[in-house]
Amino acid sequence: MWSEHVPVQVVAWRMLSRLRAAGWPQELLDMMYLDEDVLEWAKATGEGEDDENKIIHRDSNGVILEHGDSVVLIKDLKVKGSSMVAKQGTAVRNIRLDHENAEYIEGKVDGQQIVIITQYVKKI
């Protein structure tokens, strides 16, 4: 945590934030000084936020989605800006989550990267 390298500081802050409930990491976090932009980078994954403030992505059944999960489309989806239609039953592997909106995920369908609304997917 006392490293001069910014990426090491960010990882140290994230790990200490995850362990905060144990008590002793909070003391170290209080001693840590990070510039505003570095702290913003460290918080970009949602570390250190209260659970009610975190963005949680859920599929159509309410199952929590995570980065790298695989999902199946439960409805034919017309892709905006394209003539492509993503068919029901299409598997979308290795999804990425939108960190600003809980209803959006990204994934590749037929080789094209698209944004998908979570209410139209089911986790595999």
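Everything below is about the structure printed above this text.
All chains use their own residue numbering, which begins from 1 and follows the written sequence. Totals for whole chains, interfaces and linings use all residues, but because this is a predicted model, local features are given only for residues with pLDDT of at least 70 and pairs of side-chain atoms are given and counted only at 80 or more. Derived side-chain values reflect all non-hydrogen atoms in the structure, with water molecules and hydrogen atoms excluded from consideration.

Go over a nonpolar patch on the surface, please, and point to the residues and values.
Together, Tyr-104, Val-115 and Ile-117 make up an exposed nonpolar region whose accessible area comes to about 240 Å². A helix here means a DSSP run of H or I that spans at least four residues, while a strand means a run of E at least two residues long, and both kinds are numbered starting from the N terminus. Within the fold, Ile-117 resides in strand S7 (residues 112–117). Residue Ile-117 is classed as partly exposed on the basis of its relative accessible area of 31%. Residues enter a patch when their relative accessible area is above 30% and they make no salt bridge; the linking distance is 9 Å between like charges and 5 Å between nonpolar side chains (Val, Leu, Ile, Met, Phe, Trp, Tyr). Computed by Shrake-Rupley with a 1.4 Å probe, the accessible areas treat only the displayed protein chains as cover when residues are assessed. By convention in these notes, a salt bridge is any Lys or Arg side-chain nitrogen within 4 Å of a carboxyl oxygen on Asp or Glu. Only protein chains enter the accessibility calculation, which uses a 1.4 Å probe. A residue is then buried if its area is under 20% of the maximum for its type, exposed if over 50%, and partly exposed in between.

Hey, could you go over the sheet that holds strand S6 (residues 104–109) for me, with residue numbers and the actual values?
If you trace the 3 strands from one edge of the open sheet to the other, you get S5-S6-S7, paired in antiparallel fashion. For this open sheet the edge positions go to strand S5 (96–97) and S7, each flanked by a neighbour on one side alone. Note: two strands are recorded as paired if DSSP finds a minimum of 2 bridges between them. Relative to S7, S6 runs antiparallel, the two being bridged by 6 bridges. Looking at S7, one finds that Gly-107 is bridged to Ile-114.

A description of the pattern of salt bridges should follow, citing residues and the corresponding values.
It is possible for side chains of opposite charge to pair when their charged atoms get near one another. Scanning the entire structure with this criterion turns up 2 salt bridges. With a shortest N-O distance of 3.3 Å, Lys-123 and Asp-69 are connected by a salt bridge. You can see Lys-123 sitting in strand S8 (residues 121–123) and its partner Asp-69 sitting in the loop between helix H3 (36–42) and strand S1 (71–73), a full 54 residues away along the chain. What makes Lys-123 partly exposed here is its relative accessible area of 30%. Classification of Asp-69 by relative accessible area gives buried; the value is 16%. Of the charged contacts, one joins Glu-106 and Arg-96 as a salt bridge, the two residues approaching to 3.9 Å between their closest N and O atoms. Taken together, the positions of Glu-106 in strand S6 and Arg-96 in strand S5 put the pair 10 residues apart, joining distant regions of the chain.

Give me the side chain of Gln-9: which residues, what numbers.
Examined against the element boundaries, Gln-9 turns out to sit in helix H1 (residues 6–18). Classification of Gln-9 by relative accessible area gives buried; the value is 15%. N or O atoms closer than or at 3.5 Å make up a polar contact, with two conditions inside protein: a donor-capable atom paired with an acceptor-capable one, and, for residues adjacent in sequence, both atoms drawn from side chains. Side-chain polar atoms of Gln-9 contact the backbone oxygen of Ser-3, separated by 2.7 Å. Once you skip the residues sitting within four places of it in the chain, Gln-9 turns out to touch Met-1, Ser-3, Glu-4, Met-32, Leu-34 and Val-38. Contacts: residue pairs with any heavy atoms within 4.5 Å of one another.

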